Amino acid sequence: MWGSGHSSRTSVAGSASFSGIVQMEEDKHCSKVEDVVGSHVEDAVTFWAQSISRNKDIMKIGCSLSEVCPLANSVFGNLDPKKIYGGLFSEDKCWYRCQVLKVINDEKCLVRYIDYGNTEILNRSDIVEIPLDLQFSSVAKKYRLWGLQIPSGQEVTQFDQGRTFLGSLIFEKEIKMRIKATYQDGTVIAQAEYGNVDIGEEVAKKGFAEKCRLTSSTHICEEKKSDPGQLVLRNLKSPIPLWGHRSSQSTFTRPKGRLSGRLSLDLKNENDAGNNVTFPKENLAVGDFKLGSNVSLAKIKQDQKLIEENEKLKTEKEVLLERCKTLELKVEQTAQELQQEKATTMDLTKRLESTLKTCIGTRMKNLAAKVEILKEIRRVSISVRFGNDLSDAIQVLGEDCFTVPASLNELQLIWEEYNLAQEKIQTCENVNEGNILIAERNEVQQKLYMAVEVFILEVDEFSLNKRLKTLQDLSASLEAVYGQVKEGINSEEILEKFNDWRCNKREEFTSVRSETETCIQRLVAWFQNTLKAFDLSVEESLISDDTIDNIDEILENTESGVCKELEISLIEQGDADKEIILKTCSQVLQKIHSEESLIVTVQSKYKDSVEFKKQIIECLNKSPSVDHLLSIKKTLKSLKARLRWKLVEKNNLEESDDHDGSEIEKIKQEITQLRNSVFQGIYHEQEEYAKLSSLVQKWFPELPLLHPEIGLLKYMNSGGLLTMSLERDLLDAEPMKELSSKRPLICSEVNGQIILLKGYSVDVDTEARVIQRAAAYHKAWREAKGESGLLPLLFLFLCKSDPMAYLMVPYYPRANLNAVQSTMPLTSEEALKVMKGVAQGLHTLHKADIIHGSLHQNNVFALNRQHGIVGDFDFTKSVLSVQNEEFETNEDGIPKMDQFHLDDNVKSLLCSLICCRSSMTAEQVLNADCFLLPNGISMPNSEKDTEYIPKKEEEELKVKNLDKDKEKTRNGEASFD
């Protein structure tokens, strides 16, 4: 905006003082003469100008603004129209003082640069607050030509031309202003002279203004003023030229002003900075010359006309030169293309001449190569291209297709009737009604038995396994060739269309192959005839059209035949052919899978029928006997009575004053033998319960109804965990008071294994819930088949004398995580192995829809420091509260774990588990990267591979004195859940 004058600012002190800048007082007597420089034109009679005496002030203002404004704050809120701000001019990106004329919207404002007079629309971000020492009056003043006014009804074009003309006379020129009067808004009425030229008269002569009627010499003329808003819009529409320095008489710098008209001035070179600041030639005007006081207006106009004509000729010359250069480039480019084309033609001619010399030889070599490829293709079967494999599969499906056995439908109906009868018996609670249902079931059972025999005999006649193997091999071979094909709608039309397509393809291929063989035979015959023609020993002449055919025609036909066969053999099939083959393959696979499904169904039914026949043949028309179970119970009852008697006898001897130690030891041995016999009987009882439970589930649901005394239903509801023959007083149990903060815990030994009894206080409702939840836990452990990661449950039994339920679990002294970490912490490798076992245990529970909710360091066991298992939880609670340990977190919410010195994969896993926003399943934890151990580190595969081996000292203490072992456990474990 400040043009080349910006470089001169650097010589001015950075913090210029404006104490010497005093605003000029208005001359009320209209006799003052000022020397000014025009800076901006509003219309043909109104313009802005700067006093020559204030050139240095403008320099100081510019330097100060360049330092203050970039660091100042942008304006906000309501803007004061009387206040002076700093504005960033859009053209040169320099700062100038401005006042707000109008707020257009929340983002844009119309401002006037007060030191120059021009206006611009700025964003609020380009307007800043300036300090008080820059808040003084404007350098530029607004002037009107004395005695002139804009004619009423003047057109816009003439208005713009008037502005342009006035700008050519006053812009960047030193003008004498003879002040006549001053408006209240500060506009100065003056007579403007440039040398001997009266600027007002020249404007009036051109018709851009008219003389005002003066009422008196002391009053200003009354004229019609243009609408200020209209004037601003016109100023904004006009082009914005670059303003340079003014002439050598006074060096001024100014922002880009808005001149009259649609054209801009062209200023000459300035002597201060040497910059060439030019303007469009159309506006070269009077102001382009340094005019003295004796320059006439005619001379100015003549020089202006010559300059305009000169510039016009220059422009035409530049256009002609540009066209000439373009034509020269095109000629040069065309010559290069012609040269390239000539070279290409010569190369092609040479190649053709060379090719003609070896034409026959080249053709024969190429033909021989193609025939060799054809031989190789004919040696390889192309049956797949014509769907021969699909045709063979269709034939296999049609020849030995397995159909539904005739007896299967009748068997299905009888079996459904039999299952319905079984369901009625299972839900029956009345014995008399149950007997009636059992008799009805037996009748159906008899019918089912006969139907099963017929079905088994019929199925035995088929080779189902062989047929299933054939279908599986056929399906695998088709999928290997065609991939996985989507099964579509079953339609015989697809198979018929395939057969037609295959026949057509075979005919076409046979025709092409026959044509190829004919052409090759003709070529061979030509060679044989030619051989005779060139045999010098043959005296008879053989050169004739009948003897030797045209070799060119023979080669053409042979090449065509060979290429056609190669095309059929090598080129990929079209989309239509592929669609037919894929649809046919889909139909064939659908038929194969349907027959496979039928065979599998029949085999399953056959297996059930064989098992039914085997089970029912012994119990036909009668229920299985429970006498063996009752016999075991009777034996157990006797053993328990003898054991109780021996326990009483031992206690009596120990309390007597003169007891014999050897006799007491003998009784203890008898007690141990009896206790082992009781547990052996309990194991046999559980086995018999398991057999009867299987019979109930499959064939005889009436057993719990007919024999309620054996408690078979309770056994089944507990998942085989509940035993009714085990009692608390039969065990040599020691209460573990230090671990019984939550529930009674009792330690004992069964068949050489140390066990814990967990006591639960139960009522009628709680007892059922404990059995149900323990059964679900036991089922999850059992179905995992040794890879559960869970603490096994041995037995569950109910106390007869107290409302207590006891759960028997293995006891691992000093193996919980708290005890292990307090004595000898796990290494990184051991910790990973234990963590994986814990993750496996949780995964086992979650698959069974069981939430543990009580996982802590005393309920996780590191068996032999290699395998981690999860302990059981409180089966009496329905709502489990989970407690999370608090971790110190970073700003992004990720826990700080640097102090733990963990592997990166372990850190990543722990962060995912701890952060609330990340939810991981137990299966995802189990598959985490940290559990992918490096080579050489083995991970226990199952609980079978990790049998708990107690330390030697613990084993000795266990054998010698169980009490000491328990005391040792008290010192190493805080609690046991």
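Per chain, residues are indexed from 1 in the order of the written sequence. Where totals are concerned, whole chains, interfaces and linings use all residues; where local detail is concerned, this predicted model gives features only for residues with pLDDT of at least 70, and gives and counts side-chain atom pairs only at 80 or more. Only hydrogens and water are set aside; all other atoms, that is, all heavy atoms of the structure, feed into the side-chain values.

Colleague: Describe the pairing of strand S16 (residues 753-761), and please don't skip the residues or the numbers.
Modeller: Relative accessibility thresholds used throughout: buried, under 20% of the residue-type maximum; exposed, over 50%; partly exposed, between the two (1.4 Å probe, protein chains only). Put simply, DSSP marks the helices as runs of H or I at least four residues long and the strands as runs of E at least two long, and each gets a number from the N terminus on. Across the 9 residues that make up S16, a large majority, 7, are buried. Two strands pair under a simple rule: DSSP has to find at least two bridges between them. Bridging between strand S15 (residues 745-750) and S16 involves 6 bridges; their strand directions are antiparallel. Looking at S16, one finds that Leu745 is bridged to Lys758. Linking S15 to S16, which pair antiparallel, is a turn of 2 residues; within it Asn751 sits at a positive phi near 50°. Pairing analysis gives 7 bridges linking S16 to strand S18 (residues 804-810), with the strands arranged antiparallel. Among the inter-strand pairings, Lys758 is bridged to a residue of S18, identified as Leu807.

Colleague: Account for the confidence of the model for the chain, with residues named and values stated.
Modeller: What pLDDT expresses is the predictor's confidence in each residue, scored from 0 to 100. The share of residues in the chain with pLDDT of 70 or more is 74%, and the mean pLDDT across the chain is 77. Below a pLDDT of 50 lies the segment residues 934-939, which in the model reaches 8 contacts outside its immediate sequence neighbourhood of four places, other chains included. Only heavy atoms matter for contacts: two residues are in contact if any of them lie within 4.5 Å across the pair. Predicted confidence is poor over residues 951-977, with pLDDT under 50, and the contacts of this stretch with residues over four places away or in other chains come to 55 contacts.

Colleague: Help me get a handle on the sheet that holds S15, residues and values and all.
Modeller: Taken in spatial order, the 5 strands of this open sheet run S14-S15-S16-S18-S17, and their pairing is antiparallel. A single partner strand is all that each edge strand has here, and the edge strands are strand S14 (734-735) and strand S17 (795-798). Running at roughly 100° to S17, helix H15 (residues 661-698) makes contact with S15, S17 and S18 of the sheet. A fitted line through C-alpha atoms serves as each axis, taken over the contacting stretch for helices, and the angle formed by two N-to-C directions is quoted from 0 to 180°.

Colleague: How would you sum up the packing of helix H10 (residues 464-482) against helix H13 (residues 575-616)? Please name residues and give values.
Modeller: Running from amino to carboxyl end, H10 crosses H13 at an angle of 155°, the nearest separation of the two axes being 10 Å. Comparing their axes, H13 and H10 come out roughly antiparallel. Crossing geometry of H10 relative to H13 is assigned as left-handed. The residues of H13 that touch H10, namely those facing Leu464, Asn465, Arg467, Leu468, Leu471, Gln472, Leu474, Ser475, Leu478, Glu479 and Tyr482, are Ile581, Cys585, Val588, Leu589, Ile592, His593, Glu595, Glu596, Ile599, Val602 and Gln603. Of the residues that constitute the contact of H10 with H13, the class distribution is 13 nonpolar, 5 polar and 4 charged. Roughly parallel means an angle under 35 degrees; roughly antiparallel means over 145; roughly perpendicular covers 65 to 115; every other angle is labelled oblique. Each helix crossing is assigned a hand: it is left-handed if the near helix lies turned anticlockwise from the far helix by less than a right angle, otherwise right-handed if that turn is clockwise. Under the convention adopted here, Pro, Cys and the residues Ala, Val, Leu, Ile, Met, Phe, Trp and Tyr are nonpolar, Asp, Glu, Lys and Arg are charged, and Gly plus all remaining residues are polar.

Colleague: Before we move on, can you summarise the packing of helix H11 (residues 492-533) against H13 with the specific residues and values?
Modeller: Two elements in contact, H11 and H13, have axes whose closest approach is 9 Å; the angle formed by their N-to-C orientations is 135°. Considered as vectors, H11 and H13 are oriented oblique to each other. By crossing handedness, the relation of H11 to H13 is classed as left-handed. On H13, the residues touching Glu492, Ile494, Leu495, Lys497, Phe498, Trp501 and Lys505 of H11 are Asp577, Ile580, Ile581, Lys583, Thr584, Gln587 and Lys591. Of the residues that constitute the contact of H11 with H13, the class distribution is 6 nonpolar, 2 polar and 6 charged.

Colleague: Describe the nonpolar core, naming the residues involved and giving the relevant values.
Modeller: The nonpolar core is taken to be a set of buried Ala, Val, Leu, Ile, Met, Phe, Trp, Tyr and Cys residues, with the residues joined through side-chain atoms within 4.5 Å. Leu448, Leu478, Ile592, Phe612, Leu692 and Leu703 are the most contacted members of the largest nonpolar core, which has 48 residues in total. Per-element tally for this core: the top contributor is H13, with 10 residues. Every residue in contact with Ile592, bar those within four places of it in the chain, is listed here: Leu397, Leu471, Leu474, Ser475 and Leu478. By size, the runner-up hydrophobic cluster in this structure holds 38 residues, among which are Leu722, Val770, Ala805 and Val834.

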